Amino acid sequence: MEKRTLFLILLILGTAFWGISFSVTKLAIGQSQPLLFLFYRFFLATMVLSVVFWKYVKKLNLASIKTGASLAIPLVLGIYLQTLGITHTSASQCSFVAGITVVMIPVIKLLIYRKSTSLKIWIAAFTALIGLFVISINDHLRIGTGDLYTIVGAFCFAIYLIQIEKESKAGDIVPTIVPMFATCALLTFLLAAFQNDTVWVPQQQTFWIGIIFCALFSTAYMYTISNIAQKYISAERVSIIYLFEPVFGAFAAHFILGEEITSRLIMGGGLIFLATLISELKWKMPNQLAVFGLSKGKKD
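Residues numbered from 1 in each chain as written. Predicted model: local features only at pLDDT ≥ 70, side-chain atom pairs only at ≥ 80, totals over all residues. Heavy atoms only, no water.

Turning our eyes to something else, we now look at the overall build of the protein. Scanning the protein from N- to C-terminus turns up 13 helices and zero strands. When the elements of the protein are put in sequence order from the N terminus, they spell out α-α-α-α-α-α-α-α-α-α-α-α-α. At a minimum sequence separation of 6, the contacts of the protein that also span at least 24 residues come to 91%. For the protein, the exposed surface amounts to about 13,800 Å²; the carbon and sulfur share of it is 69%. (Helix = DSSP H or I, 4+ residues; strand = E, 2+ residues; numbered from the N terminus. Contact = heavy atoms within 4.5 Å. Areas by Shrake-Rupley, 256 points an atom, 1.4 Å probe, with all protein chains shown as cover.)

Encoded structure:
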């Protein structure tokens, strides 16, 4: 099995962990202490990955630490804002809205980095956007507070994925993984320390179960796999693969939290799944027509 196919499978498995983590996180934090939850999540992930990648930790240099720290900033912002989003909306809706990252990546690349992507990725991205619109816009044509937090978090996460793609193609990104999570843990610890009402050792069992699940599976496993995978798969395509996450998230929210799977979730989820299929289609436009400033022969 070629590496690209292997990482596609591992990424889809990871999206299942991510989808489940929305419900687990909502159950663990309730309406309070999202920063403390993130601190313990990143701290445990750092400890586990320090053991897994010990040979890299022993050889850490200043360049790897700086790169890891720079990657941690958009990652922390993205995850924190999405965690806030979970406290203001349903876990299933939050997981679907988080998928707007797939639209943001090609737009950011084009407008800020002046880099193009293929036509089918644009078609897939806007198909996904329609699906997200169906899911997140309420009957009064307004976006809720939780959706707004999640959308801004998705923008930060899009920046993170673009940076990961850049760094993974510039060299071996594995040595930056532990410094990245260590920086995430440090940042969330400092933010939690500034909150006067922080209870450092919560008594709820669900809090600690959530920490273990999210640290091991949706953090240590998934972010490590996705970082390495971007050496073989573009940020745009990785973000579209991530759209399996809300599908898993909706079913997890139904079985774990008892949330209703509405017709809007099904319709919007269907469009998002269609976007995933479009991104994997093997077709080309004659002469690679320039659309939205697309360039010839760009890898997608």
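Our next topic: the nonpolar core. Soluble globular proteins tend to bury their nonpolar side chains together. Counting 75 residues, the largest nonpolar core has Leu11, Leu75 and Tyr160 as the members making the most contacts within it. For Leu11, the residues in contact, after removing those within four places along its chain, are Met222, Ile225, Ser226, Ala229, Ile233, Val238, Ile241 and Tyr242. Grouped together as the second largest cluster of nonpolar side chains are six residues, Ile86, Ala91, Cys94 and Ala253 included. (Core = buried A, V, L, I, M, F, W, Y, C linked by side-chain atoms within 4.5 Å. Buried < 20%, exposed > 50% of the residue type's maximum accessible area, 1.4 Å probe, protein only.)

So, about the packing of aromatic side chains. According to the stated counting rule, one finds 22 aromatic pairs in the structure shown. Measuring from centroid to centroid gives 5.1 Å for Phe39 and Tyr40, while their planes differ by 45°, and the two rings are tilted. A relative accessible area of 12% means that Phe39 is categorised as buried. Aromatic ring contacts, followed pair by pair, group Phe37, Phe39, Tyr40, Phe43, Phe189, Trp200, Phe207 and Trp208 into a single cluster. (Phe/Tyr/Trp six-rings, centres within 6.5 Å; stacked < 30°, edge-to-face > 60°.)

Here we take up the environment of Leu277. Among the structural elements, Leu277 can be located in helix 13 (residues 263–280). Overall, Leu277 belongs to the partly exposed group, its relative accessible area being 45%. Through-space distance from the C-alpha of Leu277 to that of Ala124 is 8.1 Å; in sequence the pair is 153 residues apart.

You can see Glu165 is positioned in helix 8 (residues 145–170). Residue Glu165 is classed as buried on the basis of its relative accessible area, which comes to 6%. Among all residues touching Glu165, those that are not within four sequence positions of it are Lys109, Gln230, Ser234, Ala235 and Glu236.

Taken together, the side chains of Leu186, Phe189, Leu190, Phe194, Trp200 and Val201 present a nonpolar region at the surface, about 600 Å² in accessible area. By the secondary structure assignment, Val201 is in the loop between helix 9 (177–193) and helix 10 (205–229). Taking relative accessible area as the criterion, Val201 reaches 52% and is therefore assigned exposed. (Patch = residues over 30% accessible without salt bridge, like charges linked within 9 Å, V, L, I, M, F, W, Y side chains within 5 Å. Salt bridge = Lys/Arg side-chain N within 4 Å of Asp/Glu carboxyl O.)

Attention shifts here to the environment of His88. Its location among the elements puts His88 in helix 4 (residues 62–88). Separated by 60 residues in sequence, His88 and Leu148 have C-alpha atoms that sit 9.8 Å apart. Leaving out residues up to four positions away in the same chain, His88 has contacts with Thr145, Gly146 and Tyr149.

Here we take up the packing of helix 1 (residues 3–29) against helix 10. In a packed pair of helices, the relevant descriptors are the angle between the two axes and the axis-to-axis distance. Running from N to C, helix 1 and helix 10 point in directions that differ by 155°, and their axes come no closer than 9 Å. In terms of axis orientation, helix 1 runs roughly antiparallel to helix 10. Crossing of helix 1 over helix 10 shows left-handed handedness. Partitioning the contact of helix 1 with helix 10 into residue classes produces 20 nonpolar, eight polar and no charged. (Axes fitted to C-alpha atoms, helices over the stretch in contact; angles between N-to-C directions. Parallel < 35°, antiparallel > 145°, perpendicular 65-115°, else oblique. Left-handed = near helix turned anticlockwise from the far one by under 90°. Nonpolar A, V, L, I, M, F, W, Y, C, P; charged D, E, K, R; others polar.)

Moving on: the environment of Ser116. As for its position among the elements, Ser116 is in the loop between helix 6 (101–111) and helix 7 (119–136). According to the relative accessible area criterion, Ser116 is buried, its value standing at 10%. Sequence separation between Ser116 and Pro106 is ten residues, and the spatial gap between their C-alpha atoms is 7.2 Å.

Most of helix 6 sits inside the fold, with nine of its eleven residues counted as buried. What helix 6 keeps buried is the set Thr101, Val102, Val103, Met104, Ile105, Pro106, Ile108, Lys109 and Leu110.

Our focus in this paragraph is the side chain of Asn227. Secondary-structure assignment places Asn227 in helix 10. Leaving out residues up to four positions away in the same chain, Asn227 has contacts with Tyr160, Ile164, Ser168, Ile173, Ile177 and Met180.

The next subject is the confidence of the model for the protein. Residues at a pLDDT of 70 or more form 88% of the protein, whose mean pLDDT is 81. Predicted confidence in the protein is weakest over helix 11 (residues 235–241), with a mean pLDDT of 73, and strongest over helix 9, with 94. With pLDDT under 50 throughout, residues 294–300 is counted as low confidence; its partners more than four residues away or in other chains account for 18 contacts. (pLDDT = per-residue confidence, 0-100.)

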